[in-house]
Amino acid sequence: MRRGACLVLGAAVLAVPSRVHAVSLPDTPLNRARAQMAVQELEIVLLTHPSATLALEDWCATHHLADSPVVTARKMSVAGPDDVPSGVRADLGASATQRVLHRQVQLVCGGHVLSVADNWYVPDRLPAQMNATLEQTDTSFGHVVAPLHFSRTRLEFTRLWSPWPGPVSAGTLVVPAAIIRQRGVLRDEHGQPFSEVVETYTDQALDFLSVR
């Protein structure tokens, strides 16, 4: 992986919320199988949606994570053009002088932080109203750019955690904060790239498994 991409991934990993025993689930073979199936199901949902926002809204609705399965963005940081890794510019076909902005958010459904998304985008390739919404609000990127009818070219898709292999303990199944990561380039309906995203999906996506 190129150094520029690693820098982006590092930013996402550091921002993933960490909780101790977020998924309250006894460590048994059956529960490990349930967790494995849930991770696989989440992977399928993500792989069949170009928009992470819509994928997570489907996930939230299917697993009843909130009364209203609407994903909102909790803005965490914004960086200017001096902080853009060269690998991102290459992926976007952006010159060294072209303006590229960075937006980092937590995607939240109800009280669950389902992912942390790092988003690098070329404002010159978006309508003025979209740029204003991205800069002035916490609306998720997927909702803002939906009118572009965009597609996703995946550059990476990695499962970061699996309950197998490993011995079953007598305690609680420990799920790390980050479970899946994907990186990709978003393109408008004419094929022009306008954004690179790195999305790290969290253990909170599995909260529906917890024993209440």
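Heads up: the structure comes first, above all this text.
Residues numbered from 1 in each chain as written. Predicted model: local features only at pLDDT ≥ 70, side-chain atom pairs only at ≥ 80, totals over all residues. Heavy atoms only, no water.

Let's talk about the overall build of the protein
The cut-off we apply is this: Going along the chain from the N terminus, every DSSP run of H or I of four or more residues is numbered as a helix, and every run of E of two or more is numbered as a strand. Burial classes follow relative accessibility: with a 1.4 Å probe on protein chains only, a residue under 20% of its type's maximum area counts as buried, one over 50% as exposed, and anything between as partly exposed. Residue contacts are counted whenever heavy atoms from the two residues lie within 4.5 Å of one another.
Across its full length, the protein carries six helices and six strands. What you see in the protein, going N to C, is helices and strands ordered as α-α-α-β-α-β-β-α-α-β-β-β. In the protein, which comprises 212 residues, the proportion classed as buried is 54%. For the protein, restricting intrachain contacts to residue pairs at least 6 apart in sequence, the fraction spanning at least 24 positions comes to 70%.

Things to note about the state of the cysteines
In plain terms, the rule: Working definition: a disulfide is two cysteine sulfur atoms within 2.5 Å of each other.
As enumerated under the stated definition, the model contains one disulfide in all. Through a disulfide, Cys-60 is tied to Cys-109; the S-S separation comes to 1.8 Å. Given an S-S torsion of about -75°, the disulfide between Cys-60 and Cys-109 has left-handed geometry. Note that Cys-60 is positioned in helix H3 (residues 52–62) and Cys-109 in strand E2 (residues 101–109), a separation of 49 residues in sequence. Neither Cys-60 nor Cys-109 differs from the other in exposure class; each is buried.

Thoughts on the packing of aromatic side chains
Using the following cut-off: Here is the rule: rings of Phe, Tyr and Trp (six-membered ring for Trp) pair when centre to centre is within 6.5 Å. Planes less than 30 degrees apart are stacked, more than 60 are edge-to-face, and the remainder are tilted.
Per the counting criterion, the structure on display carries four aromatic pairs. Ring centres of Trp-59 and Phe-208 lie 5.7 Å apart, and the angle between their planes is 70°; this geometry places the pair in the edge-to-face category. Taken together, the residues span a long stretch of sequence, with Trp-59 in helix H3 and Phe-208 in the segment after strand E6 (193–202) at a distance of 149 residues. On the basis of relative accessibility, which here comes to 1%, the residue Trp-59 falls in the buried class. Measuring from ring centre to ring centre gives 6.3 Å for Phe-141 and Phe-194, while their planes differ by 25°; the resulting arrangement is stacked. Here Phe-194 lies in strand E6 and Phe-141 lies in helix H6 (residues 141–145), a separation of 53 residues in the sequence.

Here's the deal with the side chain of Asn-119
Looking at the element boundaries, Asn-119 is found in strand E3 (residues 112–121). What Asn-119 contacts, discounting residues up to four positions off in sequence, is Leu-101, His-102, Arg-103, Phe-141, Ser-195, Glu-196 and Val-197.

Let's talk about H3
Just so we agree on the cut-off: Think of a polar contact as two N or O atoms within 3.5 Å of one another; within protein, one of them needs to be a possible hydrogen donor and the other a possible acceptor, and neighboring residues in sequence only count if both atoms come from side chains.
Where H3 is concerned, the buried positions are Ala-52, Thr-53, Ala-55, Leu-56, Glu-57, Trp-59 and Cys-60. Looking at where H3 begins, the residue whose side-chain oxygen comes 3.3 Å from the main-chain nitrogen of Thr-53 is Ser-51. His-64, located one to two residues past H3, shows a positive phi value of around 55°.

Topic: empty space enclosed by the protein
What counts, and what does not: Using a grid of 1 Å spacing that covers the protein atoms alone, one calls a set of points a cavity when a 1.4 Å probe fits there but cannot get out, and a pocket when the set is open and has protein on both sides within 12 Å along at least five of seven lines; lining residues are those with an atom within 4 Å of a point. Grid points are joined across faces, edges and corners, and a volume is the space filled by probe spheres set on the points. Only Asp, Glu, Lys and Arg are considered charged in this grouping, and only Ala, Val, Leu, Ile, Met, Phe, Trp, Tyr, Cys and Pro are considered nonpolar; every other residue, Gly among them, is considered polar.
All chains considered together, the criterion is met by one cavity of 30 Å³ or more. There is about 170 Å³ of room inside the largest cavity. Lining the largest cavity are 18 residues, and of these Asn-119, Phe-141, Gly-142, Val-197 and Glu-199 lie nearest its centre. Looking at the lining of the largest cavity, the elements with two or more residues in it are H3, E2, E3, H6 and E6. Split by residue class, the lining of the largest cavity holds nine nonpolar, five polar and four charged.

Remarks on the packing of helix H2 (residues 29–47) against H3
For clarity, the threshold we go by: Fitted lines through C-alpha atoms give the axes, limited to the stretch in contact for helices. The angle between two N-to-C directions lies from 0 to 180 degrees. Roughly parallel here means an angle under 35 degrees, roughly antiparallel means over 145, roughly perpendicular means 65 to 115, and every remaining angle is called oblique. Each crossing gets its hand from how the near helix is turned against the far one by less than a right angle, where anticlockwise is left-handed and clockwise is right-handed.
Remark: H2 packs on H3, axes separated minimally by 9 Å, with the N-to-C direction vectors making an angle of 140°. It follows from the interaxial angle that H2 and H3 lie oblique. The hand of the H2/H3 crossing is right-handed. The segment H2 lies against H3, with Ala-38, Glu-41, Leu-42, Val-45 and Leu-46 engaging Ala-55, Trp-59 and Thr-62. Of the residues that constitute the contact of H2 with H3, the class distribution is six nonpolar, one polar and one charged.

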